[in-house]
Amino acid sequence: MYNAKAYSAGSATSPLASTTIARRDPGEHDVQIDILFCGICHSDLHQIRGEWSSLPTVYPCVPGHEIVGRVTRVGSAVTRLEPGDLAAVGCLVDSDGTCPECRAGLEQFCPEATFTYNSPDKYLGNVTYGGYSESVVVNERFALRVPANLDLAGTAPLLCAGITTYSPMRRQGVTKGKKVGVVGLGGLGHMGVKFAHAFGAHVVVFTTSPHKKDDAFQLGADEAVVSRNADEMEKHAGSFDFILDTVSADHDIDAYVKLLGRDGNLTLVGAPDKPLSVSAFSLLLRRRSLSGSLIGGLAETQEMLDFCGAHQITSDVEVIPIQQVNEAYERLLRSDVKYRFSIDMASLESE
Ligand code: NAP
Ligand code: ZN
């Protein structure tokens, strides 16, 4: 075991503050990674503030699951990485590797999956601690390769915001000729726009923030709708093949189901705690479907990173020192970030 600097919160109402956590020494299949950048996901905020009744928070909690860093130590049986290599870690740090979900490349649904934070820690007891930290130790299966040509601060958010939007779009066949909606222009939403555009779809952004319209076009949208304007919404009724809903708070999801055409699908990736209401007839009338999606498996996450390398796609980030994390959370709550905060972990050195 060794000690690592980190930022943690001690309760749902306390701010994140500097602390020291224990990390295991790398075992034979493990790699130790010095963290360079960690993105701030709205899930970090939900978790820290104890907003999810179905996923209670164990305190102290060290969030962060959008990790990019450099390998510093490797176990004797590690074959894929060596000290000095760049590596990335997303929302998962372990799974059994043998169950049907793992065999299907869907490690996120493994009954034994260990999430990067707030998940029982098989090695040290208590719970896992995430990327708001100077280093992390994971089994090498969970350390992904980072394309050499990408900006690292903008690559970190790909590990959650990237894969969470890439995966359902691939599954639902988003491609040229399809009309695709993205609801909410935040961390996930702006990645959804970039991917849908890169896949060749006609992309429509739905935002509650009129001032984000220009940015939507810059990011690759073909149209931008202010969702609080009923007339603008009505113009798109029954016309979408696919809509990705990334909204983090309670909202009228039925209004978006009605915008789908026959056999259209709305995939929910946003995770507000309160149940959302959908009219049966909105689904029945055009045989529409409503799905959920949770991040992506390891192979697909690597595929997404490689796609980003090939197409020069990164997240648009505001790079901040860790000392500004509490202020960043307040801005995230106000939908005021362009479009992801990425923490420069060198700032932990002064703690
Ligand atoms: P974010 O950056 O805060 O973006 C959320 C966006 O939703 C905001 O920018 C805003 O966009 C819109 N919004 C916020 N409050 C709203 C309201 N009351 N009504 C309507 N729209 C509202 O958050 P994020 O990091 O992208 O995460 C979004 C959600 O996805 C969170 O709930 C997070 O926990 C969840 N998540 C799920 C997965 C998964 O695997 N399924 C993975 C990661 C995150 P506009 O200003 O454009 O309206
Ligand atoms: Zn996330």
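**Student:** Describe the overall build of the protein, listing the residues and the values that go with them.
**Tutor:** Scanning the protein from terminus to terminus reveals 11 helices and 16 strands. With the principal axes as the frame, the protein shows a C-alpha extent of 60 × 40 × 35 Å. Looking at the 351 residues of the protein, the share that counts as buried comes to 56%. Considering only intrachain contacts with a sequence separation of at least 6, the fraction spanning at least 24 residues in the protein is 67%. For the protein, the exposed area adds up to about 14500 Å²; of that, 50% sits on carbon and sulfur atoms.

**Student:** Before we move on, can you summarise unusual backbone geometry with the specific residues and values?
**Tutor:** Of note, the bond from Tyr59 into Pro60 is cis; its omega dihedral lies within 30 degrees of zero at -5°. Checked against the element boundaries, Pro60 lands in the loop between helix H1 (42–48) and strand S4 (67–74). Geometrically, the link from Lys338 to Tyr339 is a cis peptide bond, its omega value of -20° lying close to zero. On the secondary structure map, Tyr339 appears in the loop between helix H11 (325–333) and strand S16 (340–344). Located in the positive-phi region is Asn126, a residue other than glycine, with phi close to 55°. Overall, Asn126 belongs to the exposed group, its relative accessible area being 53%.

**Student:** Please give an account of the site of ligand 1 that cites residues and values.
**Tutor:** Taken together, 30 residues form the shell around ligand 1, and within it His42, Thr207, Thr208, Ser209 and Arg340 come nearest. The contact in question runs from an oxygen atom of ligand 1 to an N or O atom on the side chain of Thr207, over 2.5 Å. Between ligand 1 and the protein, one listed contact pairs an oxygen atom with a backbone N or O atom of Ile295 at 2.8 Å. In the complex, 90% of the free accessible area of ligand 1, which totals 930 Å², lies under the protein chains. Where the shell around ligand 1 is concerned, the elements lending two or more residues are H1 and helix H5 (187–198). With three residues, the single largest contributor to the shell around ligand 1 is H1.

**Student:** Could you give an account of the state of the cysteines, naming the residues involved and the relevant values?
**Tutor:** Under the criterion given, the structure shown has zero disulfides. No disulfide involves Cys91; its nearest neighbouring cysteine sulfur is the one of Cys160, lying 3.8 Å away. With relative accessibility at 8%, the residue Cys91 sits in the buried group. Distance from the sulfur of Cys99, which forms no disulfide, to the nearest cysteine sulfur (Cys102) is 3.8 Å.

**Student:** Account for the sheet that holds strand S11 (residues 223–226), with residues named and values stated.
**Tutor:** Overall, parallel pairing links the six strands, which are arranged S11-S10-S9-S12-S13-S14 in an open sheet. For this open sheet the edge positions go to S11 and strand S14 (289–292), each flanked by a neighbour on one side alone. Neighbour-to-neighbour, the strand axes of the sheet open up by a mean angle of 20°, direction not taken into account. Judged from the four bridges that link them, strand S13 (residues 260–268) and S14 form a sheet pairing that is parallel. Bridge pairing in S14 places Asn265 opposite Ser289. The strands that helix H4 (residues 161–171) touches are strand S9 (179–183), strand S12 (240–245), S13 and S14; relative to S12, the one it contacts most, it runs at about 160°.

**Student:** Can you explain H5? Please cite residues and give values.
**Tutor:** Over its 12 residues, H5 extends 17 Å from the first C-alpha to the last, a length consistent with the 16 Å expected when each residue adds 1.5 Å. Summarising burial for H5: 10 of the 12 residues are buried, a large majority. For H5, the set of buried residues is Gly187, Leu188, Gly189, His190, Met191, Gly192, Val193, Lys194, Phe195 and Ala196. Positioned one or two residues after H5, Gly200 has a phi angle of 95°, which is positive.

**Student:** Account for the environment of Ala161, with residues named and values stated.
**Tutor:** Along the polypeptide, Ala161 turns up in helix H4. Since its relative accessible area comes to 1%, Ala161 is described here as buried. In sequence terms Ala161 and Gly39 are 122 residues apart; their C-alpha atoms lie 9.1 Å from each other.

Rules used throughout
- Residues numbered from 1 in each chain as written.
- Chains lettered and ligands numbered in written order.
- Predicted model: local features only at pLDDT ≥ 70, side-chain atom pairs only at ≥ 80, totals over all residues.
- Heavy atoms only, no water.
- Helix = DSSP H or I, 4+ residues; strand = E, 2+ residues; numbered from the N terminus.
- Buried < 20%, exposed > 50% of the residue type's maximum accessible area, 1.4 Å probe, protein only.
- Contact = heavy atoms within 4.5 Å.
- Areas by Shrake-Rupley, 256 points an atom, 1.4 Å probe, with all protein chains shown as cover.
- Near = heavy atom within 4 Å.
- Polar contact = N/O pair within 3.5 Å; in protein donor to acceptor, adjacent residues only side chain to side chain.
- Disulfide = S-S within 2.5 Å.
- Pairing = 2+ DSSP bridges.
- Axes fitted to C-alpha atoms, helices over the stretch in contact; angles between N-to-C directions.
- Expected span 1.5 Å × (residues − 1).

Read these as layout, nothing more, since geometry by itself doesn't imply function.
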